[in-house]
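# Structural features, examined
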Amino acid sequence: LFDFKIILGKNGVPVAENFRLEQSTIADMLQAGQVRVRTLYLSVDPYMRCRMNEDTGSDYLQPWQLSEVADGGGIGVVEESKHDNLAKGDFVTSFNWPWQTVAILDGSLLQKLVPQLVNGRLSYFLGAAGITGLTALLGIKEKGHVTAGANQTMVVSGAAGACGSLAGQIGRLEGCSKVVGIAGTDEKCSILVQEMGFDAAINYKKGNVAEQLRELCPGGVDVYFDNVGGDISDTVISQMNQDSHIILCGQISQYNKDVPYPPPLPPDTEKIQKERNITRERFLVLNYMDKQEASVLQLCQWIQEGKLKVRETVVEGLSNIGAAFQSMMNGGNIGKQIVLVSQ
């Protein structure tokens, strides 16, 4: 058994030295209700950066403990079971999966997966058919106020990431007439337009973002799916229409800084927001779990029909999960960042 531990937590940029791989043993015997699982896939996500601080800034996120095994979204296969509803060979998932090659878990905390729902692509349950897809879909439904036929323009920042790449497509499926993405490389922008059906994409590292936005969205912005915060968001907000809506999903540009979440807007931007009556409410997908089942089925249906295109960046080996996390925080992924632990 190999496991991955956190050995340093502080404000600043995560580095390889924050993580350590260890070899250890687990119990031979299962207790009643337990299962032994082999880990197949693990997810690394921006929110995990908050868990590297003693104060996560959130009441629903617990900090990772120093020299304890880290955890997050994971998928595995049951190898032995003493739980009535789980059998050997079942695929299962949890939001608190330990970063271990093998683990003994409480079966009642695991959710059984049906691979056919995602055309056999199990890792999709960590992304497009999991919490990431739910965040995109419910964010748009609950906070975006998208109305089919209303000729709305949506802008997505962090558009080539796990959530952004889905949000733009879902915005279109829900009725937006124009979808524009903002990403950090020409390759990402090309994928957004050619693969994922965005009308246009802006490389924020090239040229003037404000000018390009004005050109692409002459009628202004009605819905903004915000994954990044910071200067890019200030630029988008300055071009938003009266009574428009911000879906406050993430603020990855701010996660390495010791600031409250969501970070306050600069005074000029806040003035625009108030004068134009732009909604900007914190969005937390966990508050909408009563809609989880129906929403996951909708996401799976779109995947099966080819209406929702899914991209993953896969890194192999538990030993590389720290590097995968660092890369994801620096925009090295296209779509969902996945770690393949075993086949």
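Relevant structure appears above.
Here is a short report on the structure shown in this document. Here the structure is a predicted model, which is why all the values come from computation and not from measurement. (Residues numbered from 1 in each chain as written. Predicted model: local features only at pLDDT ≥ 70, side-chain atom pairs only at ≥ 80, totals over all residues. Heavy atoms only, no water.)

### Regarding the sheet that holds strand β11 (residues 221-226)
What counts is decided by this rule: The pairing criterion is simple: DSSP has to find at least two bridges between the two strands. The helix count covers DSSP runs of H or I at least four residues long, the strand count covers runs of E at least two residues long, and both are numbered beginning at the N terminus. For every element, the axis is a line fit to its C-alpha atoms; helices are fit only across the contacting stretch, and the angle between N-to-C directions ranges from 0 to 180 degrees. Residues count as neighbours in contact if any of their non-hydrogen atoms are within 4.5 Å of one another.
If you trace the 6 strands from one edge of the open sheet to the other, you get β10-β9-β8-β11-β12-β13, paired in parallel fashion. Only two strands of the sheet have a single neighbouring strand rather than two, namely β10 (200-203) and β13 (279-282). Adjacent strand axes in the sheet meet at a mean angle of 20°, parallel and antiparallel pairs treated alike. Where strand β8 (residues 153-157) lies against β11, 3 bridges are found, and the strand directions are parallel. Bridge pairing links Met-154 to Val-223 in β11. Those strands touched by helix α3 (residues 186-194) are β9 (178-183) and β10, and its axis lies near 170° from that of β10. Along the sheet face, helix α5 (residues 230-237) touches β8, β9, β11 and β12 (240-248) and points at about 165° away from the line of β11.

### Considering the environment of Asp-268
Relative to the helices and strands, Asp-268 is located in helix α6 (residues 267-275). It is 9.0 Å that separates the C-alpha atoms of Asp-268 and Ser-238, two residues lying 30 residues apart in sequence.

### Things to note about the packing of aromatic side chains
To keep things clear, this is the line we draw: The rule is short: rings of Phe, Tyr and Trp, with Trp giving its six-membered ring, pair when the centres are within 6.5 Å, and they are stacked under 30 degrees, edge-to-face over 60, tilted in between. Accessible area is worked out with a 1.4 Å probe on protein chains only. A residue is then buried under 20% of its type maximum, exposed over 50%, and partly exposed in between.
As enumerated under the stated definition, the model contains 1 aromatic pair in all. Judged by centre distance (5.6 Å) and plane angle (25°), the rings of Phe-283 and Tyr-288 are stacked. An identical accessibility class is assigned to Phe-283 and Tyr-288; each is buried.

### What about the pairing of β9?
Applied cut-off: When the strands point away from the viewer and the connection leading from the first strand across the helix to the second strand turns clockwise, the crossover is called right-handed.
Across the 6 residues that make up β9, a large majority, 5, are buried. Where β8 and β9 come together, 5 bridges link them in parallel fashion. Residue pairing in the sheet places Val-155 in a bridge with Val-180 of β9. Handedness of the crossover joining β8 and β9 through helix α2 (residues 162-174) is recorded here as right-handed. Across 4 bridges, the pairing between β9 and β10 is parallel. Within the sheet, the bridge partner assigned to Ile-182 lies in β10 and is Ile-202. With respect to chirality, the unit in which β9 leads through α3 into the neighbouring parallel β10 is right-handed.

### Some words on unusual backbone geometry
Even without being a glycine, Asn-151 presents a positive backbone phi close to 60°. With respect to the helices and strands, Asn-151 occurs in the loop between α1 (131-144) and β8. Accessibility expressed as a relative area gives 59% for Asn-151, which makes it exposed.

### Brief notes about the nonpolar core
Nonpolar side chains in soluble globular proteins tend to be buried together. Going by this rule: Here, nonpolar core refers to any group of buried Ala, Val, Leu, Ile, Met, Phe, Trp, Tyr and Cys residues whose side-chain atoms link them within 4.5 Å. Either an automatic procedure or a domain database provided the assignment from which the domain bounds are taken.
Grouped together as the largest cluster of nonpolar side chains are 50 residues, with contacts concentrated most on Tyr-41, Ile-140, Ile-170 and Phe-225. Structurally, this core is a two-domain feature, drawing no fewer than three residues from each of domain 1 (2-127 + 310-340) and domain 2 (147-286). Contact partners of Phe-225, with chain neighbours within four places excluded, come to Thr-135, Ala-136, Ile-140, Val-155, Val-156, Ser-157, Cys-163, Ala-167, Ile-247 and Cys-249. Grouped together as the second largest cluster of nonpolar side chains are 25 residues, Val-37, Val-78, Trp-97 and Leu-318 included.

### Things to note about the packing of α1 against helix α7 (residues 292-305)
Axis angle and axis distance: for two packed helices, these are the angle between their axes and the distance between the axes, and together they describe the pair. Heads up, the condition is: Angles below 35 degrees are treated as roughly parallel, those above 145 as roughly antiparallel, those between 65 and 115 as roughly perpendicular, and all remaining angles as oblique. Ten residues, namely Ala, Val, Leu, Ile, Met, Phe, Trp, Tyr, Cys and Pro, are considered nonpolar, four, namely Asp, Glu, Lys and Arg, are considered charged, and the remaining ones, Gly among them, are considered polar.
For the pair α1 and α7, the least separation of the axes is 10 Å and the interaxial angle reads 100°. What the angle tells us is that α1 and α7 run roughly perpendicular. In contact with Gly-133, Leu-134, Leu-137 and Leu-138 of α1, α7 contributes Gln-292, Ser-295, Val-296, Gln-298, Leu-299 and Trp-302. Of the residues assigned to the contact of α1 with α7, the class counts are 6 nonpolar, 4 polar and no charged.

### Comments concerning the pattern of salt bridges
Defined as follows: Here, a salt bridge means any Lys or Arg side-chain nitrogen found within 4 Å of an Asp or Glu carboxyl oxygen.
Taken as a whole, this structure holds 16 salt bridges when the rule is applied. Note that Arg-36 is salt-bridged to Glu-80, the shortest N-O span being 2.7 Å. Of this pair, Arg-36 sits in strand β3 (residues 34-43) while Glu-80 sits in strand β4 (residues 71-81); the two residues are 44 residues apart in sequence, bridging distant segments of the chain. The class for Arg-36 is partly exposed, based on a relative accessible area of 24%.

### Describing the side chain of Asp-71
The following threshold applies: Polar contacts here mean pairs of N or O atoms no more than 3.5 Å apart (in protein, one a potential hydrogen donor and the other a potential acceptor; neighbouring residues in sequence count only if both atoms are side-chain atoms).
Its location among the elements puts Asp-71 in strand β4. For Asp-71, a relative accessible area of 13% translates into the label buried. Polar side-chain contacts of Asp-71 include one of 3.4 Å to the side chain of Asn-96.

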